[in-house]
Amino acid sequence: MTARSETIAVARVGRTGSPRNPAELTRTALLTTAFVAILLAFLMPLFYSAITSLKSPTQISQPNSPILPSDPATFTWNGVSYDVYYVPLPDGTTRELALVTPGRKQSEFIDPSNPEQGLISWQGSWRVLDQPWQLAPNWDNYAEVWGLIDFPLLLRNTILLALISTIGTVLSCTLVAYGFARFRFPGRGFLFTLLLATIFLPGAVTLIPTYTIFNKIGWVGTWLPLLVPAFFANAYDVFLLRQYLLTIPRDLDEAAMIDGASSLRILRSVVLPQAWPVIVAVSIFTFVYSWNDYFAPLIYLAGHDDLLPLQVGLARFNGIYYQNPAFIQAGNIMTLVIPVALFVLFQRVFIRGIVISGVEK
Amino acid sequence: MDQLPSVAVTRPAGAAGRLNLRAWSKLTPLARREARQGLLYIAPWLLGFFAFTAIPMVATLALTFVNLTLAQREPLAFVGLDNYVRLAADDRVWHSLSVTLRFSALWLPISIIVPFAIAVGLNSRHVRGAPLFRSLFFLPYVVPFVAGVLVWEQTLGDNGWINDVLRLVGVEKPPSWLFDSTWIYPALVMMGVWGIGAGIVINLAGLRAIPTELYEASRIDGAGAWAQLRHITIPMMSPILFFTLILGVVEVLQYFLVPLVLKNGTGEPAGATLFYNLNLYRTFFTYQELSYGATMAWLLFALTLAITLVLFALSRRYVYYAGAR
């Protein structure tokens, strides 16, 4: 990726004038740096989340604790662990000493760098002393959240919902796109415009009767309202598939037709083998979309904890544990890691898909 | 929509065609076979369209003329325009509509200008590694939306990094973003800006499609960067900016999921996040008023339709389609 983009950038500079010109180089350095800064600010909440997810409750409750996940430093002496403090000494220096016997007016410390010296008495209240911190990512947060929200169950539900929706969407949208791309029939243009027009329809205008009917036939409280509509195609994915199918030459279709192949056979053996890039795109889009869906599971699965996907589980978890930011962020990271990983693996597919559906309509 | 130009593929043939049922009888037997097969393939969508779109839409409209609630204490009856009369006098409805419209006025320009500006920057020959930037700007777009909201909730919290930075640069009392009925809107905008990755990608693709000869010719004529932006880039990008605007309008008028998660649907602080669609959602799911909720839904639909139609009418004057007409 990096190597590729470097090549492109160099090629672009090369095309438009001398890259060695100092003024040009300065502008490039300035503008690229500016974009790095904007990008870092843009991604900052993600860093915040990842870092917070590794903090211990002790650190979160301390106002002046370091930015990175840390624990108060400790020193183990004779098999016992003692907290370390910054201790101002009578000679004007401040040393890091471990507190052995705390007292109200006088405390006993030990010097971690020189334990043989023995205990050091210090006058004053140890409670006013600051503590040094040492880097300590608290991975236990993840293990605890895993159990607290029953992550395996939420994960299983989310994956199953996403997989079945993806299968339904790919199947139905491929058939519909094939119909629009390869067959002439009266009203085709009108129906295709109608299909695209559904993108502009506010969901609220169909929600109330749909929900009421699903409730009447006993589907509320099951996965059916989330899965069944996926098998009836949707405008975005049909559009994406159709645009791609239109670019595949018809010659092979026609040759197969002359050989007596049925249209379904042509779809399976001639069209699909050439259309796999867009099939992959639609699959990944649908999977991620379904993974990220919140509203439909919220309304159709209310009260059925064993059926919930991650998004709804996460929102409820936030309602209960909002006072423990580390837990909430650990849950967030666990939820976002799979869609983000899919994006990193398939970025070209994602970006191509966004371009087709965004630019060509 | 079919007026928008396509980059790789020619315009869909006959996309603007009218439904002409008599055409069927004129077909040859072979063409009729083809037509039957085509209709069979699009049958899943046609069935779904009737079951999940057309019939529910008509049912929603029918509901607006009766008095259906889930509890149904009064006998079901035709009430004429009563629901509409109630709607017209409902302060909550007008309040929530004004919340949605005010937020739209803030969000829409930002949602169009920011991705455009970033794309123009990334398209400059002075930015190295544009594809990597593009991917990383896109990244938050795939973050699940609940996780995204919860990440921002804490980032904007009093001990979050944003207020830490503000204190660092000398702001003594940084805003309480999520609990102040004014600051909540910039906070929602920031969360929205996190999802502009797709907009950047679309804008970049559009910018790459502008013929370089236009810029070269204008440079010979002595045009500077600003003149090029105004007289080449923006007109050539106008179809894409228009498309972004239309989809943005449809989306923002329905906006309510972020406040639903952030404030648990309460509309806090002080009703500032009682968006129209949230109000509608509560009318249906909390107060279980089916008919009244349906009436609110039709108002939303009518408003969306009216605004998009006006925008389409205006687009004839302000949007430039290269190669079309």
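Residues numbered from 1 in each chain as written. Chains lettered and ligands numbered in written order. Predicted model: local features only at pLDDT ≥ 70, side-chain atom pairs only at ≥ 80, totals over all residues.

Student: Is there a simple way to explain the overall build of chain B in this structure?
Tutor: Scanning chain B from terminus to terminus reveals 13 helices and 0 strands. If you list the helices and strands of chain B from N to C, you get α-α-α-α-α-α-α-α-α-α-α-α-α. With respect to the three principal axes, the spread of C-alpha positions in chain B is 75 × 75 × 35 Å. Across the 325 residues that make up chain B, the buried fraction comes to 37%. For chain B, long-range pairs separated by at least 24 residues make up 69% of all intrachain contacts whose partners lie at least 6 apart in sequence. (Helix = DSSP H or I, 4+ residues; strand = E, 2+ residues; numbered from the N terminus. Buried ≥ 20, exposed ≤ 12 C-beta atoms within 10 Å, placed from the backbone. Contact = placed C-beta atoms within 7 Å.)

Student: Help me understand the packing of helix α13 (residues 310-321) of chain A against helix α14 (residues 325-345) of chain A in this model?
Tutor: Any two packed helices are characterised by the angle at which their axes cross and by the distance between the axes. All names here are of chain A. Put simply, α13 and α14 touch, their axes get as near as 10 Å, and they point 175 degrees apart. What the angle tells us is that α13 and α14 run roughly antiparallel. For the pair α13 and α14, the contacting residues are L310, L314, F317, N318 and Y321 in the first and F327, I328, G331 and T335 in the second. (Axes fitted to C-alpha atoms, helices over the stretch in contact; angles between N-to-C directions. Parallel < 35°, antiparallel > 145°, perpendicular 65-115°, else oblique.)

Student: Please explain the interface of chain B and chain A as it appears in this structure.
Tutor: It is common to report an interface's size as the accessible area lost on association of the parts. In this complex, chain B contributes 92 residues to the contact, which on the side of chain A involves 92 residues. At the level of secondary structure, the elements contributing two or more residues to the side of chain B that touches chain A comprise α1 (29-63), α4 (130-138), α5 (145-155), α8 (197-208), α10 (225-253), α11 (257-262), α12 (276-285) and α13 (290-318) of chain B.

Student: Teacher, can you tell me more about the nonpolar core here?
Tutor: Note that soluble globular proteins tend to have their nonpolar side chains buried in a common cluster. Among the nonpolar cores identified, the biggest contains 145 residues, and V176(A), V238(A), V201(B), A297(B) and L300(B) are the most heavily contacted of them. Among the elements that line this core, the one with the most residues is helix α11 (residues 263-292) of chain A, at 13 residues. Those residues within four positions of A297(B) in sequence are excluded, and the remaining contacts are A204(A), V205(A), I208(A), T60(B) and L280(B). With 11 residues, the next largest nonpolar core counts F75(A), Y82(A), L99(A) and I110(A) among its residues. (Core = buried A, V, L, I, M, F, W, Y, C linked by C-beta atoms within 7 Å.)

Student: What's the story with the confidence of the model for chain B in this structure? I'm lost.
Tutor: Reading predicted coordinates in detail is not appropriate for stretches of low pLDDT. Residue and element names in this part refer to chain B. With 92% of its residues at a pLDDT of 70 or more, chain B has an overall mean of 86. Contacts of residues 1-17 to residues separated by more than four positions or lying in other chains number 39 contacts, the stretch itself having pLDDT below 50. ipTM for the predicted complex: 0.84, alongside a pTM of 0.84. (pLDDT = per-residue confidence, 0-100.)

Student: So what exactly am I meant to see when it comes to the packing of α13(A) against α5(B) here?
Tutor: With their axes 8 Å apart at the nearest point, α13(A) and α5(B) run at an angle of 25 degrees to one another. Of the possible angle classes, the one that applies to α13(A) and α5(B) is roughly parallel. Every residue of α5(B) that contacts α13(A) at Q311(A), L314(A), A315(A) and N318(A) is listed here: V146(B), A147(B) and L150(B). Classifying every residue of the contact of α13(A) with α5(B) gives 5 nonpolar, 2 polar and no charged. (Nonpolar A, V, L, I, M, F, W, Y, C, P; charged D, E, K, R; others polar.)

Student: Explanation requested: the domain arrangement of chain A in the structure shown.
Tutor: The domain architecture assigned to chain A consists of domain 1 (2-52), domain 2 (74-131) and domain 3 (149-359). Of note, the centres of domain 2 of chain A and domain 3 of chain A, computed from C-alpha atoms alone, are 62 Å apart. (Domains from an automatic or database assignment.)

Student: Whenever I open this one, the pairing of strand β4 (residues 94-101) of chain A confuses me. Can you help?
Tutor: Looking along a regular strand, one sees the side chains alternate between the two faces of the sheet. Residues and elements named next belong to chain A. Here strand β3 (residues 80-88) runs beside β4; their pairing, made up of 5 bridges, is antiparallel. Bridging from a neighbouring strand, P88 pairs with T94 of β4. Count of turn residues in the β3/β4 antiparallel hairpin: 5 residues, of which G92 carries a positive phi of about 90 degrees. One ladder, built from 3 bridges, connects β4 with strand β5 (residues 106-110); its direction is antiparallel. The residue of β5 that forms the bridge with L99 is F109. Between the antiparallel neighbours β4 and β5 lie 4 residues. (Pairing = 2+ DSSP bridges.)

Student: Quick question: what am I supposed to make of helix α9 (residues 212-220) of chain B here?
Tutor: Because an α-helix completes one turn every 3.6 residues, residues spaced three or four positions apart along the sequence face the same direction. Among the 9 residues in α9(B), 0 count as buried, and that is only a small part of the element. One or two positions beyond α9(B), positive phi appears at G222(B), with a value near 90 degrees.

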